[in-house]
Amino acid sequence: MELRQLEYFVAVTEEAGFTRAAARLHVAQPGVSAQIRQLERELGQPLFDRSARQVRLTEVGEAVLPYARAALAAVAAARLVVDEMTGLLRGHVVMGTVSAPSVLDLPGLLADFHDRHPAVEISLRESDPESLIEAVRAGRMDLGLIGIGSSVPPGLDAQVVVDQALVAAVGLTHDLAGKSDAGLAQEPAVGAAHDSAGAPAITLRELADRALICLPRGTGLRAALDEACAAAGFTPHVAFEASEPYVLGQLAAKGLGLAVLPESAVTVAKDDLHVLEITEPRLRGRMALIWRATGPSGPAARAFIDHARRRLPDFS
């Protein structure tokens, strides 16, 4: 029996499948299957029920699992003791993200950590919001970057790293843009109010019947919009989604709807857009780093979280 076989066994169990386990382990799927079969031959019993669509543990597999985890934990602990005595930080850290805003320079953050700790393997994985939150809670990911509303998901700590005002933007021929012919002064947009400073504005309630262009669920912008609309008693009609804010502006500039986007993203296509403040209430989009409230499992994870928190802004 080899440690690699136990590692593969635990990975298949936690990922509920051989293909996902292989992706997590960065090996080919046939190799994972072969090692599991060899382990089953050595134990003389099947560990997984492969008859169903989803791979499940047999009764024997359920009994073996805690011992496999304990063996792997003991080996990891022994390595950590040696590393701490020699001053070398090693291990594997995993960061999950729903989207990676360019304003945060995640590639630079990861590269800088790698330069400081070259013996630590780093993985960056994209995921849907629910899976990411659960993976961080369960310890399968050490750190996550996710959009949040007014509260932090239970069991997690957070540092808000993006906090921007949200605005509405439409193309110059949109009915909310007013006249846009060259040489004519802008007139108040039909259906649009003005805020106290005279800037064009639209209330949140006025978005209810319009085709919206927005970031996908899991981003801070979408969380803020969905939460505010729910409080106002309606569900927004999102006709177009894009993961890059500048694309939202481009879609709006082509007349495909009203874009809700971060204030900083307006500058990309500002010459082709008419911008309105969103009022009653004013909206802000937030993204946050999240990690387990009970703390990371090892020195590498602790160092990675500390590095990310120092490197990124803190609007908490």
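In this convention, every chain numbers its residues from 1, walking through the sequence in written order. Only residues with pLDDT of at least 70 get local features here, since the model is predicted, and only at 80 or more are side-chain atom pairs given and counted; chain-wide, interface and lining totals rely on the full set of residues. Calculation of side-chain values draws on the structure's entire complement of heavy atoms; hydrogens and water are dropped beforehand.

Another aspect to go through is the pattern of salt bridges. Here, a salt bridge means any Lys or Arg side-chain nitrogen found within 4 Å of an Asp or Glu carboxyl oxygen. Within this structure, the stated rule accounts for 15 salt bridges. A salt bridge links Asp-175 to Arg-210; the shortest N-O distance between them is 3.2 Å. Of this pair, Asp-175 sits in the loop between strand E6 (156-171) and strand E7 (193-194) while Arg-210 sits in the loop between strand E8 (200-203) and strand E9 (212-214); the two residues are 35 residues apart in sequence, bridging distant segments of the chain. Between buried and exposed lies partly exposed: a residue is buried under 20% and exposed over 50% of the maximum accessible area for its type, with that area taken using a 1.4 Å probe on protein chains only. Exposure remark for Asp-175: the relative accessible area of 40% places this residue in the partly exposed category. The class of Arg-210 is partly exposed, set by a relative accessible area of 22%. Runs of E in the DSSP output that reach at least two residues are strands. Runs of H or I that reach at least four are helices, and both are numbered from the N terminus.

A separate point is the side chain of Gln-5. Tracing the backbone through its elements, the reader meets Gln-5 in helix H1 (residues 3-15). The contact criterion used throughout is that any non-hydrogen atoms of two residues lie within 4.5 Å. Those residues in contact with Gln-5 that lie beyond four places of it in its chain are Gln-35, Ile-36, Gln-38, Leu-39 and Glu-42.

Time to look at the pairing of strand E12 (residues 273-279). Of all the seven residues making up E12, five are buried; the element is thus mostly covered by neighbouring parts of the structure. Relative to E12, E8 runs parallel, the two being bridged by three bridges. Bridge pairing in E12 links Thr-203 to Thr-279. Strands are treated as partners if at least two bridges between them are detected by DSSP.

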